[in-house]
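Here are the chains, one letter per residue:
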Amino acid sequence: MMSVASAGPVYEPLASFTAPPKVPSRGALIPVAGEEAFFGLSATGGGEGKGTLYKITKTGTVTTLVNFTGLRDEYPGYEPKGGLWDDGAGWLWGTTFRGGASDVGTVFKYNWHTGTFETVVEFNGDNGSFPDGTLEPDGTGGLWGTTTGGGLTDDGTVFRLRLSDGAFASIISFSRTAGPAPGAWPVGGLTADGHGSLWGVTAQGGQSSQGVVFKVDIASHDYTRMADFAPFPVLDTITARLHYDGEGFLWGTAGGGITEGPEGAVFKVATLTGEITVVHQFDWATTGWKPSGGLTEDSSGNLWGTTTAGLGSGLGGVFKVQRSTGSVTSVAEFSEETGYSSVAPLTADSSGVFWGTATHGGPAGVGSIFKVATRALPASITAVRLLDDDLPPVRGRSPNGGFVMTDSGKLWGTTLLGGRSDNGTVFTLDPESGEIQTLAEFTGTGGAAPGSGPSGLIDGGNGGFWGVTAGGGLGHGTIFKVDSQTRAVSTVVSLTGTTGAAKGDWPGGKLVRVGDWLWGTSRAGGLADRGTVFRVNRLTGAFVTVHEWTGTAQTHGDGAMDGLAPDGSGFLWGVTYRSGSSGHGSVFKIATSTGTYSEVYPFPPSGETDVIPQGPLTAGGDGRMWGVTNVLSGTSGGTLYSLRISGGALDSHHPFSALGGPGPGGNPAGGLLADASGTLWGISRQGGNHSRGAIFRIPVSGGYAGTAVWTLPLSRYAWPAPGFHPGSSPLTAGGDGHYYGALEEAGIGGNGQIFRLRFGPNALTLPADGVGHTSAVLHGLIKPNGTTSAAGFDFGVQPDLATSLPWSSGNTSSGSFYEPVSAQLTGLVPGTTYYFRARATNADNPFPQTGKILSFTTRKPGLADWLLGYGITGPEAGPTEDPDDDGICNALEYIAGSHPGQPSLPAHPVGAFGHGGYTVSFLRADLSETPDIDLSVEAGSDLETWPSIYHIGATTTASSPGVTVIENGFLSDRIEVALPHLQPRLFWRIHVTVTP
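Only a predicted model underlies this, so the values are computations on that prediction, with no experimental measurement involved. (Residues numbered from 1 in each chain as written. Predicted model: local features only at pLDDT ≥ 70, side-chain atom pairs only at ≥ 80, totals over all residues. Heavy atoms only, no water.)

Here's the deal with the packing of aromatic side chains
Selection rule: Stacked, tilted and edge-to-face are the three classes assigned to paired rings of Phe, Tyr and Trp, where Trp is represented by its six-membered ring and a pair needs centres within 6.5 Å; plane angles under 30 degrees give stacked, over 60 edge-to-face, the rest tilted. Put simply, DSSP H or I for four residues or longer makes a helix, DSSP E for two residues or longer makes a strand, and each gets a number counted from the N terminus. Residue exposure (1.4 Å probe, protein chains only): buried if accessible area is under 20% of the type maximum, exposed if over 50%, otherwise partly exposed. Whether a charge sits over a ring comes down to the Lys NZ or Arg CZ being within 6 Å of the ring centre and within 35 degrees of the ring normal.
Evaluated as defined, the whole model comprises 37 aromatic pairs. Plain terms: the ring middles of F174 and Y223 are 5.7 Å apart, the flat faces sit at 85° to each other, and that makes the pair edge-to-face. Of this pair, F174 sits in the loop between β15 (168-173) and β16 (184-192) while Y223 sits in strand β19 (residues 223-228), placing them 49 residues apart in sequence. Neither residue differs from the other here; F174 and Y223 are each classed as buried. Plain terms: the ring middles of W681 and Y739 are 5.4 Å apart, the flat faces sit at 80° to each other, and that makes the pair edge-to-face. Here the residue W681 occupies a position in strand β56 (residues 679-686), and Y739 occupies one in strand β60 (residues 739-743), the gap between them amounting to 58 residues. Each of the two residues, W681 as well as Y739, counts as buried. An aromatic cluster is defined as three or more aromatic residues linked by ring pairs; in this entry it consists of F68, Y75, F108 and F117. Positioned above the aromatic ring of W91 is the side chain of K109, whose terminal nitrogen or guanidinium carbon lies 4.4 Å from the ring centre. When the ring centre of W517 is taken as reference, the NZ or CZ atom of R535 above it lies at 4.1 Å.

Shown next as structure tokens:
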């Protein structure tokens, strides 16, 4: 989320209504630090159809973070084909195959904490073109990649970026069959071998133009062709980068040749010699055809990949390669329901589940995000999210404001259009994550949710949110209710037009609650088809037509605009946009106790044409009702006016200008929001610095001063406020101290955007580090937004931090940029998961501003943690494993306190006869006295049964009889165990039981 400070509150775009990703790229999903989610790229989809950067949770919720925009605009780039690389500092780095100034690709980076997007490189052909791989770090501050074209002979390049400042250097220009760098069209990106070289493959060039294996020296930039694929016809159609196994081999897959070996193969390359070995050739019936996505290693050293054809379904599946033997086993098959044609490497999560992407399948044929459960074979593939425009969670477009904020902090609202029948939707928005979920879709004149064109919600109490639709139902609009618990939408009233039990047509605006009645207006319907005022009982659903405009002298008016507003003295006020006693619209009020209607003020003719009063009005808290007018033609942009509640006298105040300039623009829309300080807030549709309108604030307490004291011009793409065409409702004051609004034709893709005016500081939570057994360091970023802020953290053991401990990190400056804050926690409980978030407060908002909740788990003392300290993980970390091949397993190395990764000769246990019998003695390291270890000496007369067991505790008294624990210095204890005389022979052993 990006926010921009101005001389007022901070404008924050929260979410855009945009098309989801389609056709995932060839890059693997990468985990989101501290969340059960992944980041990915798609080659198409999004608001512009040019690809996206997205986040998907493990439950399948997709959030589009970047919609690429092609040659220019906010997110230059088109058709990303590779993957992402996370630099650990909040930036995701990637490439787009096309787009940028020359339309031949870009390198970009995106900060997933702040929403900042930067184009780092725009390729131009000379420096490369059409990058399609994932970037690779070199460990020295550089990031390397390849382009499939460009360079001296248009055969592709290898390039390097300096991470610190994005400085670009083209390192290698491929020369096809001969020359200094044989090879052409490098694919998939590069792979570091940990020994100073980066390895890659080309799809063409070299001998017989079948491609080569090459390496580039990181320090000298020297290029070496290590092998040609020509002797191996089956190794054709290579599209994925290599995988290094840490033991001297690079592994890859080939999709197969055209005339020979179309089934494809798994191969490996020896890093010392460049020798290529075909490990497995695929078979349609048993292992599938045409692997395309490369290989991923699991914690046991097996390699996993996918095929794109073959097996029983004909759609390919998931396979496993046992590295030690080269055997390949098919473990699962794809289907139309799971998605198929997986061309990206799989990603393993911490629980051993693999996650991947498919480019085909699903209802729209544009792919899926899937997971593979492998604990039991055959494995199962589950589609977590099928990609399709018409699938949840986001289907709406043109949000129109009128939000309700619940106690949980979520916004509920409506979109005017969108959904499968394009009749509008009901949605929720999490302001902190930007996640939108579509709850219901209106279905027009029939279906499950009759209605079309909703215009906001109101909290009707008793767990119900109420609203109106302008059309649908019986063709004249509806009054509906949304159950906040079940999220079900029910039609309470279908309006009946000019006659019938529920006269009215084309209702608009938000309903207003007065006691148990909800009041509203319609622009048409009633006896003369000129509109009505109505009310509906929120408990019984009873409907009453309170007033019908007729056009006569008694009921002048026509076309009530956007609902009613209470004045605090028993009247509801509204406006008509045409007719009235003057013929130019009017302000009216209606008594809620009697239903008596009064015209308060008829708008007179003006020098402009088509002057239209806008609803709803707003009670300013100063004895006045405030409103705005629009002008559809002419040179002005409407006015701000007020009417005295007592007497109805009108004062015309601020003239808006539609011609641009630094003011608040022209033709204000959606009415006004009055705050507690006597300030009016609103949005204009035109004018402002970018001719897209502006958000404005005008103080009126103590008398109107004649100027807007704060304006923020809207624009289409440019900051500080990208977006235009505000919704038909005023800004909404949230229960968190911020204001929320909607722009109907804004956001990337132009389907609408929800924004927030933030008061007070911004708080971002960053991942913790320095996590030990009892300590950790928390990190965050605080943006003071012009006011010194108190910064700190909340932390505790509950996931929602319902009860938490505050930790102060001092005060920030009064600047407008993010400032790092941290906290050193001590006294934590080992092996415990803690949750935390950054927090900040200042004088601009009484509510604490908090970041996302992240978590960390303190280290649990024990064998696994001890091995981790030596860098030993995965299969080698088992208690009985011996990674240094010194004949002493990990568990015994732990007891002895010797190095598990280096051959060592710890003091061996000894046994000796003495006056009291036979005694075994050995040293036990103090560090091994952890809860996961149960240590004992066992004795017997044969090697099959061990009847005598001596448990060894922390002290003599905590041990079995016969055991003596002697303090033997700072690091170890001496253990002595007196064993019985067993005839004719005595066997004994040290036994260690490790509990995970």
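Digging into the sheet that holds strand β70 (residues 910-914)
Spelled out, the test is: Strands are treated as partners if at least two bridges between them are detected by DSSP. The axes used here are C-alpha line fits, helices contributing only the stretch in contact, and every angle between their N-to-C directions lies in the interval 0 to 180 degrees.
One open sheet accounts for 4 strands, arranged β70-β71-β75-β74; its pairing is antiparallel. Whereas interior strands pair on both sides, the edge strands pair on one side only; in this sheet they are β70 and β74 (963-967). Pairwise comparison of adjacent strand axes, ignoring direction, gives a mean angle of 25° for this sheet. As paired strands, β74 and strand β75 (residues 972-979) are joined by 5 bridges and run antiparallel to one another. Bridging across to β75, V965 finds its partner in I975.

Here we look at the environment of P131
As a reminder, the rule being used: Should any heavy atoms of two residues lie within 4.5 Å, those residues are counted as being in contact.
Inspection of the secondary structure puts P131 in strand β11 (residues 129-131). On the basis of relative accessibility, which here comes to 1%, the residue P131 falls in the buried class. Separated by 36 residues in the primary sequence, P131 and T95 have C-alpha atoms spaced 6.4 Å apart. P131 has contacts with T95, T96, F97, V104, G105, T106, F123, T146 and T147, leaving out every residue within four places of it along the chain.

Looking at the nonpolar core
The test is simple: As used in this record, nonpolar core signifies buried Ala, Val, Leu, Ile, Met, Phe, Trp, Tyr and Cys residues forming a set joined through side-chain atoms within 4.5 Å.
Counting 22 residues, the largest nonpolar core has F922, L935, I952, V963, I975, V977 and L979 as its most contacted members. Looking at this core, the elements that each hand over two or more residues are α1 (863-869), α2 (890-896), β71 (917-925), β72 (933-940), β73 (948-952), β74 and β75. Among all residues touching V963, those that are not within four sequence positions of it are Y950, H951, I952, T956, I975, E976 and V977. Counting 18 residues, the second-largest nonpolar core is a separate cluster that includes W199, A227, I238 and V269.

Side note on the layout of surface pockets
Put simply, the rule is: Detection works on a 1 Å grid of protein atoms alone, calling trapped sets that fit a 1.4 Å probe cavities and calling open sets with protein on both sides within 12 Å along at least five of seven lines pockets, with lining residues defined by an atom within 4 Å of a point. Grid points are joined across faces, edges and corners, and a volume is the space filled by probe spheres set on the points. Classification used: nonpolar for Ala, Val, Leu, Ile, Met, Phe, Trp, Tyr, Cys and Pro, charged for Asp, Glu, Lys and Arg, polar for all others including Gly.
Here the largest pocket is characterised by a volume of approximately 1,400 Å³. Elements with a contribution of two residues or more to the lining of the largest pocket: β4 (37-45), β5 (52-57), β61 (753-758), β67 (833-842), β68 (845-850) and β69 (854-857). With 4 residues, β68 is the largest single contributor of residues to the lining of the largest pocket. Partitioned by chemical class, the residues of the lining of the largest pocket number 15 nonpolar, 18 polar and 16 charged. Taken as a whole, the second largest pocket encloses approximately 720 Å³ of empty space. Considering the residues around the second largest pocket, the lining is formed by 38 residues, among which A28, R241, H243, L295 and P345 are closest to the centre. At the level of elements, β7 (85-86), β16, β20 (243-244), β25 (296-297) and β29 (347-348) are the ones that each hand at least two residues to the lining of the second largest pocket. Counting residues per element, the lining of the second largest pocket draws most heavily on β16, which supplies 3 residues. Here the lining of the second largest pocket is built from residues that sort into 15 nonpolar, 15 polar and 8 charged.

A closer look at the pattern of salt bridges
To be explicit about the condition: Every case where a carboxyl oxygen of Asp or Glu lies within 4 Å of a side-chain nitrogen of Lys or Arg is listed as a salt bridge.
Per the stated rule, a full pass over the model turns up 28 salt bridges. The closest approach of N and O atoms between D349 and K58, which form a salt bridge, is 3.1 Å. Of this pair, D349 sits in the loop between β29 and β30 (354-358) while K58 is found in the loop between β5 and β6 (62-67), placing the two residues 291 residues apart along the sequence. With relative accessibility at 14%, the residue D349 sits in the buried group. Here K58 falls in the partly exposed class, since its relative accessible area comes to 22%. Its salt-bridge partner being D794, residue R839 comes within 2.8 Å of it at the nearest N-O pair. Highlighted residues: R839 in strand β67 and D794 in strand β64 (residues 790-796), separated in sequence by 45 residues. The residues R839 and D794 share a single accessibility class, namely buried. Via salt bridges that share partners, E12, E432, R756 and R758 belong to a single interconnected network.

Details of the pairing of strand β21 (residues 249-254)
Most of β21 sits inside the fold, with 5 of its 6 residues counted as buried. Direction of pairing for β20 relative to β21: antiparallel, over a ladder of 2 bridges. Directly across from Y244, in β21, lies its bridge partner L250. Here β20 folds back onto β21, and the loop between the two strands holds 4 residues, one of which, G246, carries a positive phi near 80°. Inspection of the sheet shows β21 paired to strand β22 (residues 265-270) by 6 bridges, in the antiparallel sense. Considered in β22, the bridge of L250 is made with V269.

Section: the sheet that holds strand β31 (residues 368-373)
Strand order across the open sheet formed by 4 strands is β29-β30-β31-β32, with antiparallel pairing between neighbours. Each having just a single partner strand, β29 and β32 (380-386) make up the two edges of the open sheet. Pairing of β29 with β30 involves 2 bridges; the strand directions are antiparallel. Bridge pairing in β30 places A348 opposite F354.

Overview of empty space enclosed by the protein
Counted under the stated rule, the structure contains 2 cavities of 30 Å³ or more. Approximately 30 Å³ is the volume attributed to the second largest cavity. If you go around the second largest cavity, the residues you meet are P24, S25, G27, A28, L29, G40, L41, Y54, G83 and T357. Of the residues contributing to the lining of the second largest cavity, the split by class is 5 nonpolar, 5 polar and no charged.

Re the pairing of strand β36 (residues 425-429)
In terms of burial, β36 is a largely internal element, 5 of the 5 residues being buried. Of the two faces of β36, the one lined by T425, F427 and L429 and the one lined by V426 and T428 are each fully buried. Sheet topology places strand β35 (residues 411-418) next to β36; 5 bridges connect them, and they run antiparallel. Paired with T414 across the two strands is V426, which belongs to β36.

As for the side chain of T106
To keep it simple, the criterion reads: We define a polar contact as two N or O atoms separated by no more than 3.5 Å, with the added condition that, inside protein, one atom must be a possible hydrogen donor and the other a possible acceptor, whereas residues neighbouring each other in sequence contribute only through side-chain atom pairs.
In this structure, T106 sits in strand β9 (residues 106-111). According to the relative accessible area criterion, T106 is buried, its value standing at 0%. For T106, the side chain forms a polar contact with the side chain of T96, separated by 2.7 Å.

Focus on the environment of D165
Within the element layout of this structure, D165 appears in the loop between β14 (157-162) and β15. On a C-alpha basis, the gap between D165 and V120 in space is 9.1 Å, while along the polypeptide they are 45 residues apart. Separated by 2.7 Å, the side chains of D165 and R162 make a polar contact. A distance of 3.0 Å separates the side chain of D165 from the backbone nitrogen of A167, its partner in a polar contact.

Section: the confidence of the model for the protein
Defined as follows: pLDDT is a per-residue confidence score from the predictor, ranging from 0 to 100.
Residue-level pLDDT values for the protein average 87, and 89% of them are 70 or greater. In this model, residues 1-7 is a region of pLDDT below 50 whose contacts with residues beyond four sequence positions or in other chains number 34 contacts. Segment residues 717-723: pLDDT under 50, and 28 contacts once partners within four positions in sequence are set aside and those in other chains are kept.

Looking at the side chain of T629
In this fold, T629 is placed in strand β52 (residues 624-633). In terms of polar contacts, T629 uses its side chain to reach the side chain of T639, at 3.0 Å.

Remarks on the environment of S452
You can see S452 is positioned in strand β38 (residues 452-454). Its relative accessible area of 22% is what places S452 among the partly exposed residues. C-alpha of S452 to C-alpha of N423: the two residues are 29 residues apart in sequence and 4.4 Å apart in space. When neighbours within four sequence positions are excluded, S452 is seen to be in contact with N423, F442, T469, A470, G471 and G472.

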